[in-house]
Amino acid sequence: MIRDVTDPQAIEERIHRLRLIEALLFASAEPVAEAALAARLGADADVAGLLDELCRHYAPRGVNLVRTGAGWAFRTAADLAPHLRLEEEVARKLSRAAVETLAIIAYHQPVTRGEIEAIRGVATSKGTLDLLMEQGWIRPGKRRETPGRPLTWITTDHFLDHFGLESLRDLPGLDDLRAAGLLDSRPVLYGVGALDRDEEAAADGNDGDGDGDGDDGDKKTP
Amino acid sequence: MIRDVTDPQAIEERIHRLRLIEALLFASAEPVAEAALAARLGADADVAGLLDELCRHYAPRGVNLVRTGAGWAFRTAADLAPHLRLEEEVARKLSRAAVETLAIIAYHQPVTRGEIEAIRGVATSKGTLDLLMEQGWIRPGKRRETPGRPLTWITTDHFLDHFGLESLRDLPGLDDLRAAGLLDSRPVLYGVGALDRDEEAAADGNDGDGDGDGDDGDKKTP
Amino acid sequence: MGAGDFREDEARTPAVPEQLVLDLDGFEGPIDMLLALAREQKVDLTTISILALADQYLAFVAEARRVRLELAADYLVMAAWLAYLKSRLLLPEPDQEEPPAEEMAAALAFQLQRLEAMKDAAARLMARPRLGIDIFARGAPEEVDIARTAVYRVSLYDLLSAYGRHKRRKDTAVLHVEPMRLYSIEDAVHRLEELLGRMPDWTMLQTFLPAGVRDPLLDRSALAAHFAAALELVKAGQADLHQDGAFGPIWVRRRAPGEEEQ
C-alpha cells in the first residue's frame, strides 16, 4: 500500500497522516466526512487510500473503521456487542449495626438472633443478617435445642479469609482488646434503650456515621 | 507474546480477549479499572499480559493505550496535540492561586488547608478549592488526627488522567523535591495562622461525618 | 511617583524595582513578594542573603507608604517581622526565649525555597499535555453495560473496634442511665380535673398544658399525657372533646352531670 517506498520522507509523511486520521476519528463525537479529513490533511493527501489502509488494519480487531452516512468513524466490532459489559465493584461501607452484629456472631457463635438482640440490646433488622450472609461472612449453624428450635449463626471460612485470620482462636481476646485500647471506657453519655434504637436506625440509613469512637447517641436525643 | 503457539484454540481465545479488551476500552470515555477487565475476562486470563501487548501495538499509532491511576484508557497521542486543536479554543485559564494550590495538593497530599496556606504564605480564597474540586482534580481525604481534626485534600484519579500521569509517583520532579526536603508542609514561621485555620474549619460544623477511618471521601466526589 | 524622589531613596537603600510597586496587585501575599524580590537578586535561593532581602522588602514598604499606596495588613506584619529579624541579625543578643536569628533566617529561606519549588512544579504540571486540550478521549463513547456490585470494605480493625465499642457500652450502660423526665398521665388527669372545674366553656386543650416547660421532650410528653387524660375524662363521662378537622385544635369542656355526650 505504501507507495514511494524508496522515499523515506514520503513514508514518514504517510505515517503521520495515518496517525492523524486515527486520532481525529477517535476524538470526534460525530463521524467525520472525507472532505473534512482532506481539508485537515492537505490537498495532496490521498485520503481515500489512507482510509482504505486503516480500514484493513482495523478489520480483524476489536475496533473497526466504518463508513457511516457521509462520514467515517471508529466503532467497536459488531460481533463483540453482546460481550460489551463490565462488572464494576462499588466499595461500600458496612453500617455500624452490621459490623457490630458480625463482631458479636464472631465472638459468641453459635448464637441465635434472639441472643444477638439480647447482647446488643436492640432489635436486629432482617436486612443485617441477610447482608452478612450475602457477603459470605456468616451462615446458619445448627438449631438450638430449646423451645422454638431457633437457628444459630456462625462465621464462615470466608470470614476468616477476609479478615486474615487463620482460625477463630486468632480473634483477639478481651484482654488483647483492652491492651490495644479498644476497650477503654471514655467519658460518654448513654441514654436508655430508646436512644440505641435511634442510633441503629441512623447508622443503617447513613453509613457515613462510622464515627469509630463510640456513641453519638447524645446528639440525637429527642 | 502469544504462548501456546501450537494450540490453535488457545491462540483464538487470546485473540478474542485482545479484541474484547480493545473494544471495552475503546467504547468507554473514562478509564476502566484493570480489576473490572479481569473480572470480565475470567480468572484464567492474563490481563496484564494482554494489556501490555495492546499497549505495544498502539504505541506507534495515533491513538495510544495508557494507564492512569487504577485504570486504562485510549487517548490520542500527545505528539499530535498541535494538529488536533480543532479551534483555538481558549482553555479556561486557571488563576495562579489555583495552579499553585493544585501543585501543593498534588505534591504534599494529604495536606490540610492550613498547610497549603503555610506554604503559600497567604490565605486561600474561598473559590480556589471549590474550583479545583469542580474540575474533578481534588477531593477531601481523611481528617488529620490533630486538634480540630482538619480535613485533608488529595488528588483524584481524574487528576492523573487529565495530566497524563500513570500514578502520583510520576509527578514531575517529585524525587528531587523530596530529596531536597522541600515536601515538608509544616508551617515555618509565617503560616497565616495555619493551625488556627484548620481548627476553625473543623469547628465550622461542616464536619457532619466525623469519620476518622477514612474512605468516606469518595462520597464527596463530584 | 517622581523619579527624583525615588533616586533619593535609592542612594540609601538597595534598589526597589519600580515594577514591583506598580504590580502590587499581582502578588499573592508577602511571602510571594519576598520570593519575587529574592529572584531579583539572581542568586540561588540556598545562598540568598536574608539580610539584603529584608532591606529590600523594608525599602519597598517604606516607599509604598511614602506614596500612600494601600498596603494590606499582612505586608505590614511581615515588614515588622523582618525589621525585628534584621535587628537580631545585626545585634546578636543572648536571648534564651527566642530561637537564634540565624535559625529564623534559615526558616524564611526554606519557606521561600519551598514556595519556589511549588511554583516550578505547578508550571511543569501545567506544561504537560492535558486531557481535553492536548490529548483527547474517545469522542463518541459507546454503551457498555456496567453491572455494579457492592463490595463492603470492613477491616479486622473495624470488626474489633465494633466489638470493643459494644463491650464498652455494655460495661458502662448501667452507670449512665439517665432518668427520663416525662409527664405522667396520672398527673395530667389530676390537673385537667382541677382546671376543667374552672372553665365553663369549650377551651383549647393546648391551653391546659403547663407553662414554662423548657425541655422539648417533657413538653411533648405533657401534650400526649393531657390528650390521653382528656380521653380518660371523656370515658369517665366528665368531659366532652371536639375537633373541627384533622390536625385542628382539640377543644375540651366539662360535661355537666347528667348531660348527654355530644
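These remarks concern the structure in this document.

The rules we used
- Residues numbered from 1 in each chain as written.
- Chains lettered and ligands numbered in written order.
- Predicted model: local features only at pLDDT ≥ 70, side-chain atom pairs only at ≥ 80, totals over all residues.
- Heavy atoms only, no water.
- Contact = heavy atoms within 4.5 Å.
- Salt bridge = Lys/Arg side-chain N within 4 Å of Asp/Glu carboxyl O.
- Helix = DSSP H or I, 4+ residues; strand = E, 2+ residues; numbered from the N terminus.
- Pairing = 2+ DSSP bridges.
- Axes fitted to C-alpha atoms, helices over the stretch in contact; angles between N-to-C directions.
- Core = buried A, V, L, I, M, F, W, Y, C linked by side-chain atoms within 4.5 Å.
- Buried < 20%, exposed > 50% of the residue type's maximum accessible area, 1.4 Å probe, protein only.
- Phe/Tyr/Trp six-rings, centres within 6.5 Å; stacked < 30°, edge-to-face > 60°.

1. Examining the interface of chain B and chain C
Item 1. With 51 residues of chain B at the interface, the matching set in chain C holds 41 residues.
Item 2. Across the chain B-chain C interface, the total number found is 3 salt bridges.
Item 3. Its salt-bridge partner being C:Glu28, residue B:Arg120 comes within 2.6 Å of it at the nearest N-O pair.
Item 4. For the side of chain B that touches chain C, the secondary structure elements donating two or more residues are helix H1 (8-27), strand E3 (71-76), helix H4 (81-84), helix H5 (96-108), helix H6 (113-120) and helix H8 (157-162) of chain B.
Item 5. Element by element, the count of residues in the side of chain B that touches chain C is highest for H5(B), at 9 residues.

2. Quick notes on the sheet that holds strand E6 (residues 151-155) of chain B
Neighbouring strands of a sheet are bound in pairs by backbone hydrogen bonds; such pairs are parallel or else antiparallel.
Residues and elements named next belong to chain B.
Item 1. As summarised here, the arrangement of the 3 strands in space is E4-E6-E5, forming an open sheet in which the pairing is antiparallel. Strands at the two margins of the open sheet, each flanked by one partner only, are strand E4 (111-112) and strand E5 (138-143).
Item 2. Across the sheet, H5 is in contact with E4, E5 and E6; its angle to E6 comes to roughly 95°.
Item 3. Helix-sheet contacts for helix H7 (residues 126-134) involve E5 and E6, and the interaxial angle to E5 is about 110°.

3. What about the nonpolar core?
Soluble globular proteins: nonpolar side chains tend toward being buried together.
Item 1. Formed by 51 residues in total, the largest nonpolar core has its most connected members in A:Leu25, B:Leu25 and B:Leu37.
Item 2. Sort the elements by how many residues they give to this core and H1(B) lands first, with 8 residues.
Item 3. Beyond its immediate chain neighbours, meaning those up to four positions away, B:Leu37 contacts A:Leu86, B:Ile21, B:Leu24, B:Leu25, B:Val32, B:Val47 and B:Leu51.
Item 4. In terms of nonpolar packing, the next biggest core, distinct from the first, is built from 32 residues, B:Val99, B:Leu102, B:Tyr107 and B:Trp137 among them.

4. Some remarks on the pattern of salt bridges
Item 1. Per the stated rule, a full pass over the model turns up 32 salt bridges over all chains.
Item 2. Of the charged contacts in the structure, one is a salt bridge between B:Glu34 and B:Arg67, with a shortest N-O distance of 3.8 Å. With B:Glu34 in helix H2 (residues 34-41) and B:Arg67 in strand E2 (residues 63-68), the pair connects residues that are 33 residues apart, well separated along the chain.
Item 3. What makes B:Glu34 partly exposed here is its relative accessible area of 23%.
Item 4. Residue B:Glu115 is joined to B:Arg144 by a salt bridge in which the shortest nitrogen-to-oxygen separation is 2.6 Å. Placement of the pair is B:Glu115 in helix H6 and B:Arg144 in the loop between E5 and E6, with a sequence separation of 29 residues.
Item 5. The class of B:Glu115 is buried, set by a relative accessible area of 13%.
Item 6. Taken together, the salt bridges that share partners define one network made up of B:Arg96, B:Glu100, B:Arg120, C:Glu28, C:Asp32 and C:Lys119.

5. Digging into the packing of aromatic side chains
Item 1. In total, this model carries 10 aromatic pairs over all chains according to the counting rule given.
Item 2. For the pair A:Phe26 and B:Phe26, a centre-to-centre distance of 5.2 Å together with 75° between the ring planes defines the contact as edge-to-face. Placement of the pair is A:Phe26 in helix H1 (residues 8-27) and B:Phe26 in helix H1, with the two residues belonging to separate chains. Judged on exposure class, the residue A:Phe26 and its partner B:Phe26 are both buried.
Item 3. Taking 5.1 Å as the distance between ring centres and 50° as the angle between the ring planes, the aromatic pair formed by B:Phe159 and B:Phe163 counts as tilted. By the burial criterion, B:Phe159 is buried, and B:Phe163 matches it.
Item 4. Connected via pairs of aromatic rings, a cluster forms that spans A:Phe26, A:Tyr58, A:Phe74, B:Phe26, B:Tyr58 and B:Phe74.

Purely geometric stuff here, so don't read any function into it on its own.
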